[in-house]
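Next come the chains, spelled out residue by residue.
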Amino acid sequence: MKDRYFERISRKSIIVCGIYPPPYGGVSVHIQRVIDALCLAHNKVLFFNAEQTSRFFFPVYCARLLFALFKQRPSLIHFHATYLRTMLFDLLFFHFFSYLLRYEVVIIDHDCRHLYTRGAFAKWVYNRLVMHMKVVMIGQSVAQSYVDNAIATKKYSIESAFLPPALHRAPSIKTTYPSSLFLFLKEQTPLILMNAAHVMIQNSKDIYGLDTAVEMIAQLKKQYPDIGLVIALAHANNASYMEELYKKMQALDCAEQIYILQNQKELWPLYTHMDLFIRPTLSDGMSISIDEALYFNLPVVASDVVDRAMGVYVYPVKNLKKCVEVVECVLQEKVYGAKLKRNNMYQKSH
């Protein structure tokens, strides 16, 4: 799964079309780091915000797209916004002008769900567009969605979304965290982390598993009374569901064990403070947060809804009992077991 579509490119003119942080999420963070990598390789990069409000004013949006094309005169366009309902317009626009300006369009598809929601005509159009473009599928679940929806591609690769963060930025990022978070980290042990770009409810189900995490902590509290869970939620976009979640925490008597970090914070500096990372999702693609946790040698427990990276401890999706069992096992083996080994080594050396 190597390939890396943005590598071995130098001194090119490139338009990157998608979303840039904030808001923080898997796609925006990936784009941010890819742009950094492209700029370091002496490319001329222009970012185009595919989610700008001018989409609702069609002539204005077309004018901005056209201005970006003629200003940049790109040799490459990286398109990351397949998750948008209106993505076909952008791709048709870029395809049409590629005959005039002679550039290549590369689609980077991060979303394993969007093709299943498209109508037959939209899939027909998309199928013909991708015959003229390279498609970078972020993760095996995205690749499977192309097979399931009969989207044929001539040029494609299956790649990971993960790029290592710039470690020197950790101190400045930590200054953006509230002081109450560090007080929580100091008082709770063991510490578990999970994240979500936003609240996602589909068919009355919490896709990111915030509810599962709360119920898990309520059960683990019996054995670990000082346990702490940090939920990094970039955007609390569903006030009524958040209210339900707070009520659930209070009803299960675990509200003091849970800290919800909101308002668009970069996540990765928190990994070094944690004992475990969890990903209790009901649907998932290529999770950058899991790769980051593994990069920082943090144990990971995740649902088996997709194939997970080597080293991730999995449990059957929607099975809370198994989730708790796996988390307990990992805490005993990887957290407390490791601490016990270190203590024994320290005692033997004196």
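Residues numbered from 1 in each chain as written. Predicted model: local features only at pLDDT ≥ 70, side-chain atom pairs only at ≥ 80, totals over all residues. Heavy atoms only, no water.

Caption draft 1: Examining the side chain of Arg-308 more closely. Secondary-structure assignment places Arg-308 in the loop between β13 (300-303) and β14 (313-315). Classification of Arg-308 as buried rests on a relative accessible area of 16%. Side-chain polar atoms of Arg-308 contact the side chain of Thr-281, separated by 3.1 Å. In terms of polar contacts, Arg-308 uses its side chain to reach the backbone carbonyl oxygen of Ser-303, at 2.8 Å. Those residues in contact with Arg-308 that sit more than four places away from it in its chain are Arg-279, Thr-281, Asp-284, Gly-285, Ile-290, Ala-302, Ser-303 and Val-314. (Helix = DSSP H or I, 4+ residues; strand = E, 2+ residues; numbered from the N terminus. Buried < 20%, exposed > 50% of the residue type's maximum accessible area, 1.4 Å probe, protein only. Polar contact = N/O pair within 3.5 Å; in protein donor to acceptor, adjacent residues only side chain to side chain. Contact = heavy atoms within 4.5 Å.)

Caption draft 2: Summary view of unusual backbone geometry. For the bond from Pro-21 to Pro-22, the omega torsion is -10°, close enough to zero to count as cis. You can see Pro-22 is positioned in the loop between β1 (13-18) and α1 (26-40). Of note in the backbone geometry, His-42 takes a positive phi value of approximately 65° without being a glycine. Positive phi values are uncommon outside glycine, yet Asp-253 reaches one of about 55°.

Caption draft 3: Local environment of the pairing of β13. Along β13, one buried face is formed by Val-300 and Ala-302 and the opposite face, lined by Val-301 and Ser-303, is buried too. Of the pairings in the sheet, the one linking strand β12 (residues 276-279) to β13 comprises 3 bridges and is parallel in character. Looking at β13, one finds that Phe-277 is bridged to Val-300. Read from β12 through helix α11 (residues 288-295) to β13, the crossover connection turns out right-handed. Pairing of β13 with β14 involves 3 bridges; the strand directions are parallel. Paired with Ser-303 across the bridge in β14 is Tyr-315. (Pairing = 2+ DSSP bridges. Right-handed = clockwise from strand over helix to strand, strands pointing away.)

All we've got here are geometric facts, nothing functional implied.
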